[in-house]
Structure formats: structure tokens, C-alpha cells
Amino acid sequence: MYKISVTNEYISPKEAAERLAVSTGTVRRLMKGGELAAYRFGKQIRITVQSLEEYINRQKIIISHDSEIKEPFIRKD
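What counts and how
Residues numbered from 1 in each chain as written. Predicted model: local features only at pLDDT ≥ 70, side-chain atom pairs only at ≥ 80, totals over all residues. Heavy atoms only, no water. Axes fitted to C-alpha atoms, helices over the stretch in contact; angles between N-to-C directions. Helix = DSSP H or I, 4+ residues; strand = E, 2+ residues; numbered from the N terminus. Parallel < 35°, antiparallel > 145°, perpendicular 65-115°, else oblique. Contact = heavy atoms within 4.5 Å. Pairing = 2+ DSSP bridges.

Let us look at the packing of helix α1 (residues 13-20) against helix α2 (residues 24-32). As a packed pair, α1 and α2 sit with axes 8 Å apart at the nearest point and diverge in direction by 105°. Classified by the interaxial angle, the pair formed by α1 and α2 is roughly perpendicular. Along the contact surface, α1 presents Pro-13, Lys-14, Ala-16 and Ala-17, while α2 presents Thr-24, Val-27, Arg-28 and Met-31.

Structure follows, in C-alpha cells:
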């Protein structure tokens, strides 16, 4: 069972969208797809700041200087 912690800060999908610089529709898609955890309190949907930070950390990409960016494979018949 989930334990409520007083250290959790909850934000709205609109606030999460502002922090990510994306639309609220994108945030709702991430919630629906399970990529961003959300909670319902009555009629309000809230996201923990920790959940948002975890999502951001999973998006990290690493680009090495010696790697080459390749075009996607296109099949020619």
C-alpha cells in the first residue's frame, strides 16, 4: 500500500507541462501511457515532483563524439 509522505510535492498536469516545456496534452499522453505516474484526488489529477524528475532522468541521451549519426534504413524494392 502507498504511504503518504509529507515530503511529496504534488503538481497539476499544467504545472508539469510548464516544467517540461510541452503541452498539457503531451503530459496527459505520458500519464495514459504509464510513462508518468499520476494520482487522482477527488476530481483533481496530480503528479509528484519526484515522478516528474524520474521521468526526466529516463529521457537522458548520450551522444559520443566519435559516433556517426546515420540515416534511417529505407527499403528499396
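Looking now at the pairing of strand β3 (residues 44-48). Where strand β1 (residues 10-11) and β3 come together, 2 bridges link them in antiparallel fashion. Across the sheet, residue Ile-11 finds its bridge partner in β3, namely Ile-47.

Moving on to the sheet that holds strand β2 (residues 39-41). Pairing is antiparallel in the open sheet, where 3 strands are placed in the order β1-β3-β2. The two strands at the open ends of the sheet, each matched to only one other strand, are β1 and β2. Relative to β3, β2 is paired through 3 bridges, and the arrangement is antiparallel. Each residue of the ladder has a partner; that of Phe-41, found in β3, is Gln-44.

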